[in-house]
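So you can see what is in the structure, the chains are spelled out below.
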Amino acid sequence: MTRRMLFAASFVLVCFFGAVRPSVAAPALWLVQSPTGKVYLFGTVHIINNTVAWRSPELEAAIAQSQDLYLEIADANNSSEGVSALLKLGIDRDHPLSTLLPKADIPLLDEQARKYGLPGEAMFEPMRPWLAYMMLAALSATHSASGTGSSGGADLQIRKQFADAGKPILGFETFDSQAHIFADLPQAMQIALLESELKTPQNQGADFEAIVSAWRSGDTDGLARLLQLDAMEKTPIYAPLIGDRNRAWATLLAQRLKQPGTSFVAVGAGHLIGPNGVPALLQGMGFTVTRVQIASPSPGPPTSSVVPPATPTPVPSAPASASPPPRPAKLTPPTGWKARSALFTA
């Protein structure tokens, strides 16, 4: 297991799980503007303690002004679709996991399983290596977030706000397309990811705490350094996990920005940082991208429908009679995007 793959595995956790500790926080928020429309970009973590303060008046203003919401998956709470995707692509009973892993990994897997209250290694036997990795990573993240209770990730809490307001909720991807990200990896890479979880050094937990601390303080440069983005770009997992998806999302948002109105985007924080992050890609396409200054983080969810305007002052929204923003039926891929087959219904 190389150090590059280890940090790539950490990046997976930030993008898909990201557990955080109690703290006052002001995560990064961007405003992207065109002559006709605008989009807010907010980096999230997907598991969060109830005591974590991450909201601010500026964030609430952006949410209130937005007419619709874009998430990685429109309804991440749809457990039946999620389980269906995992079972279709992640189960291989003809090739038990223990026959694919080095023998030294089997007791490590058994130890990890029992650590989280599972029966042992046997329950992982029908799983392909990528699914076993995702299961362990999810257990690690939820275990880190336990103790003070969890009310769902920042993205799910924002989703509830839009749903309660009757605003459209859109998805860049589906459970199927996300499962394919890992299922389509070469088997050797899947095993390497699983080994990265099994053989993570003890101090890696402290490294991860530093990563999520950088997120909650809005320190995007620090987050990029901690994740060693430059090194990660040289790993084979970077393109399918990060680079390809960022370009696809930026291309779709570029089409959205040609329409009037305001949209809010909440995706994993790892997708919004660095020169290949969605804000940088949109800026490279000619859009005006501004980091919203968060002046006063607040300790909890909004208690009033009256919120101050975000900084910078937003451009006027389109009149009510204008055409509504487009709803993507599927991704609009950029040039060079490699299509993947999808067995299921972002």
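Residues numbered from 1 in each chain as written. Predicted model: local features only at pLDDT ≥ 70, side-chain atom pairs only at ≥ 80, totals over all residues. Heavy atoms only, no water.

Caption draft 1: View of the overall build of the protein. Along its length, the protein carries 13 helices and six strands. Residues counted as buried form 51% of the 346 residues belonging to the protein. In the form shown here, the protein has an accessible surface area of approximately 15000 Å², with 56% of it arising from carbon and sulfur atoms. (Helix = DSSP H or I, 4+ residues; strand = E, 2+ residues; numbered from the N terminus. Buried < 20%, exposed > 50% of the residue type's maximum accessible area, 1.4 Å probe, protein only. Areas by Shrake-Rupley, 256 points an atom, 1.4 Å probe, with all protein chains shown as cover.)

Caption draft 2: View of the packing of helix α4 (residues 105-115) against helix α8 (residues 187-198). Where α4 meets α8, the closest approach of the two axes is 10 Å, and the angle between their N-to-C directions is 60°. By the criterion of interaxial angle, the relationship of α4 to α8 is oblique. You can see that α4 and α8 cross each other, and the crossing is left-handed. Each of D105, L108, L109 and Q112 in α4 lies in contact with α8, whose residues at this interface are E195, E197 and L198. Of the residues assigned to the contact of α4 with α8, the class counts are three nonpolar, one polar and three charged. (Axes fitted to C-alpha atoms, helices over the stretch in contact; angles between N-to-C directions. Parallel < 35°, antiparallel > 145°, perpendicular 65-115°, else oblique. Left-handed = near helix turned anticlockwise from the far one by under 90°. Contact = heavy atoms within 4.5 Å. Nonpolar A, V, L, I, M, F, W, Y, C, P; charged D, E, K, R; others polar.)

Caption draft 3: Layout of the sheet that holds strand β6 (residues 288-291). As summarised here, the arrangement of the six strands in space is β4-β3-β5-β2-β1-β6, forming an open sheet in which the pairing is mixed. Each edge of the sheet is formed by a strand with only one pairing partner; in this case those strands are β4 (169-173) and β6. This sheet shows a mean twist of 25° between the axes of neighbouring strands, independent of strand direction. (Pairing = 2+ DSSP bridges.)

Caption draft 4: Molecular detail of the nonpolar core. Among the nonpolar cores identified, the biggest contains 60 residues, and I158, F182 and F264 are the most heavily contacted of them. Counting residues per element, this core draws most heavily on helix α5 (residues 129-145), which supplies seven residues. Setting aside anything within four residues of it in sequence, one finds I158 in contact with F42, W54, I63, L69, F264 and A266. With 23 residues, the next largest nonpolar core counts V32, L170, F172 and L282 among its residues. (Core = buried A, V, L, I, M, F, W, Y, C linked by side-chain atoms within 4.5 Å.)

Caption draft 5: Region of the structure containing the pattern of salt bridges. A full pass over the atoms with the stated rule returns nine salt bridges. Among the ionic pairs, R247 bridges to D244, the shortest N-O distance being 2.5 Å. Placement of both R247 and D244 in helix α12 (residues 238-256) is noted, with a separation of three residues, approximately one turn of the helix. Owing to a relative accessible area of 39%, R247 belongs among the partly exposed residues under this scheme. One network of salt bridges, in which partners are shared, links E72, E173 and R245. (Salt bridge = Lys/Arg side-chain N within 4 Å of Asp/Glu carboxyl O.)

Caption draft 6: Examining the confidence of the model for the protein more closely. This prediction gives the protein a mean pLDDT of 78; 70% of its residues lie at or above 70. Here residues 17-24 scores under 50 on pLDDT; set against residues more than four positions off or in separate chains, the count is 41 contacts. (pLDDT = per-residue confidence, 0-100.)

Caption draft 7: Just the packing of helix α3 (residues 79-90) against helix α7 (residues 175-183), in detail. Viewed as axis vectors pointing N to C, α3 and α7 meet at an angle of 30°, and their least axial separation amounts to 9 Å. It follows that α3 is roughly parallel to α7 by the angle criterion. Viewed along their axes, α3 and α7 form a crossing whose handedness is right-handed. Along the contact surface, α3 presents E81, G82, A85 and L89, while α7 presents F175, D176, A179, H180 and A183. A per-class count over the contact of α3 with α7 returns five nonpolar, two polar and two charged.

Caption draft 8: Fine view of the packing of aromatic side chains. Enumeration over the complete set of coordinates arrives at seven aromatic pairs. Relative to F264, the ring of F42 has its centre 6.2 Å away and its plane inclined at 40°; by these criteria the two rings are tilted. Residue F42 is located in strand β2 (residues 37-44), and its partner F264 is located in strand β5 (residues 261-268); the two are separated by 222 residues in the primary sequence. Of the two residues, F42 and F264, neither departs from the other in class, the shared state being buried. Among the aromatic side chains, those forming a connected cluster through ring pairs are Y40, F42, W54, F162 and F264. Sitting over the face of the ring of F162, K167 holds its NZ or CZ atom 5.3 Å from the ring centroid. Over the face of the ring belonging to W30 we find R291, whose NZ or CZ atom lies 5.5 Å from the ring centre. (Phe/Tyr/Trp six-rings, centres within 6.5 Å; stacked < 30°, edge-to-face > 60°. Lys NZ or Arg CZ within 6 Å of the ring centre and 35° of its normal.)

Caption draft 9: Here's a closer look at the pairing of strand β3 (residues 68-73). Most of β3 is tucked away: six of the six residues are buried. Here β3 runs beside β5; their pairing, made up of four bridges, is parallel. Residue pairing in the sheet places D68 in a bridge with S263 of β5. As defined by bridge partners, β3 adjoins β4 across four bridges and the pair is classed as parallel. Within β4, the residue paired with Y70 across the bridge is L170.

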